[in-house]
Amino acid sequence: MRIAHMTDIHWQVRPSFGDLSPKRVLGSLNLYVRGRHSHFTEAVQGSLVQHVLELAPDAVFITGDLTAQALDTEFAKAKLALQPLLERIPTLIIPGNHDVYTFGSQRSRRMEAHFGEWMGLDAHRPVARLDVGDVTLLGLDPNRPHPVFASGIVPRDQLDGLAAILADPEMAERRIILGMHHPPVDRRGDLYDGLNHGLVNAREFVAVLEQAPVLPMAILCGHVHHGFHSQLSVGDRRVDVFDAGSSGYAFMPDSHRAACMNLYDVDDALAVERFQFDGTGFSPEPGGAYATGR
Ligand SMILES: [Fe+2]
Ligand SMILES: [Fe+2]
């Protein structure tokens, strides 16, 4: 079973005057005056979708930050770009903090209005779920709008829901892949629970896993735009954590930036192949997955 993992693609549309909440004024200054918007380009985003179509995986997992400011126009742009994938390949999409950038975008469930069909929540709230063959993709949503911080907290009902799924005897027969936008650990394997950008209740999340009879084979994340592979310690067990790295990054080799995506081969074990944008298209990362440090 081959699963493509993309994250932090950050489709952007310049906001209209009416869209400018106080947070978006700051966000837009950062994006359009300081120039951060040029860190993500449509050429790379289009090439990414084409590349995944060519890979023809059995499933696609997108771990959030489809947009920059959770604008209706940005979700529409993301949907249009992803449509060829969504039509052909079973896909699970979970949100990132930028997809609930403002209280209004969260209250109106704007992302669900565009992507609800692919968010795996219909029968499974509060934990997103997509079953493909003998693989179960699960997704948590630790995102919340915050005036200043980009950190996340997994709500209690999702932690309880995850505990219940992992305790289900049926799960012992399945291969579980868990996605969440915020990584629970950093690239060294230390808990990533800082208030500014981390998963604030990472310890509570680990406590749920400690009680679980079966663990996910891997945890897939994004949020930290320079990807990494590390491991989360769960008592004396270990879970691989893969942050694919931003899949929409502009090609900026001088700043050590290139868009990346992962392809997992899930069998009794899990193998990862990583692809990077090389200036013209996505190709295997030189030296193997995570060898370049990008
Ligand atoms: Fe992001
Ligand atoms: Fe993020």
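Our subject is the structure listed above.
When helices and strands are tallied, the chain shows seven helices and 12 strands. Relative to a compact globule of 294 residues, whose C-alpha radius of gyration would be 19 Å, the chain shows 18 Å and is just as compact. The dimensions of the chain, computed from C-alpha atoms along their principal axes, are 50 × 40 × 35 Å. The buried share among the 294 residues of the chain stands at 46%. For the chain, long-range pairs separated by at least 24 residues make up 70% of all intrachain contacts whose partners lie at least 6 apart in sequence.

Now for the packing of helix H6 (residues 156-167) against helix H7 (residues 202-211). Running from N to C, H6 and H7 point in directions that differ by 20°, and their axes come no closer than 9 Å. In terms of axis orientation, H6 runs roughly parallel to H7. As H6 packs across H7, the resulting crossing turns out to be right-handed. Side by side, H6 and H7 meet where Leu159, Leu162 and Ala163 of the first sit next to Glu204, Phe205, Val208 and Gln211 of the second.

Attention now moves to unusual backbone geometry. A negative phi holds for most residues other than glycine; trans holds for most peptide bonds. The residue after arginine 125, namely proline 126, is reached through a cis peptide bond having omega 5°. Within the element layout of this structure, proline 126 appears in the loop between helix H5 (110-115) and strand S4 (128-132). Of note in this structure, alanine 56 is not a glycine but carries a positive phi near 50°. Secondary-structure assignment places alanine 56 in the loop between helix H2 (42-55) and strand S2 (59-63). For alanine 56, a count of 10 C-beta atoms within 10 Å corresponds to the exposed category.

Below, the discussion takes up the pairing of strand S11 (residues 270-277). Of the pairings in the sheet, the one linking strand S10 (residues 260-266) to S11 comprises seven bridges and is antiparallel in character. Within the sheet, the bridge partner assigned to asparagine 262 lies in S11 and is arginine 274. In textbook terms, the turn of a hairpin is the stretch between consecutive antiparallel strands, and for S10 and S11 this stretch comprises three residues. The sheet contact formed by S11 and strand S12 (residues 282-284) spans three bridges and is antiparallel. Each residue of the ladder has a partner; that of glutamine 276, found in S12, is serine 283. Between the end of S11 and the start of S12, which pair antiparallel, lie four residues, with glycine 279 showing a positive phi angle near 110°.

Reading across the sheet, the six strands line up as S4-S5-S6-S7-S9-S8 and stay open at both edges, with mixed pairing between neighbours. Both outer strands of the open sheet, S4 and strand S8 (228-234), are each paired with one neighbouring strand and no more. Strand-to-strand twist of the sheet, defined as the mean angle between neighbouring strand axes without regard to direction, takes the value 25°. As judged from the five bridges shared by strand S5 (residues 135-139) and strand S6 (residues 175-179), these two strands associate in the parallel manner. Within the sheet, the bridge partner assigned to threonine 136 lies in S6 and is isoleucine 176.

What counts and what doesn't
Residues numbered from 1 in each chain as written. Chains lettered and ligands numbered in written order. Predicted model: local features only at pLDDT ≥ 70, side-chain atom pairs only at ≥ 80, totals over all residues. Helix = DSSP H or I, 4+ residues; strand = E, 2+ residues; numbered from the N terminus. Rg over C-alpha atoms; globule rule 2.2 N^0.38 Å. Buried ≥ 20, exposed ≤ 12 C-beta atoms within 10 Å, placed from the backbone. Contact = placed C-beta atoms within 7 Å. Axes fitted to C-alpha atoms, helices over the stretch in contact; angles between N-to-C directions. Parallel < 35°, antiparallel > 145°, perpendicular 65-115°, else oblique. Left-handed = near helix turned anticlockwise from the far one by under 90°. Pairing = 2+ DSSP bridges.

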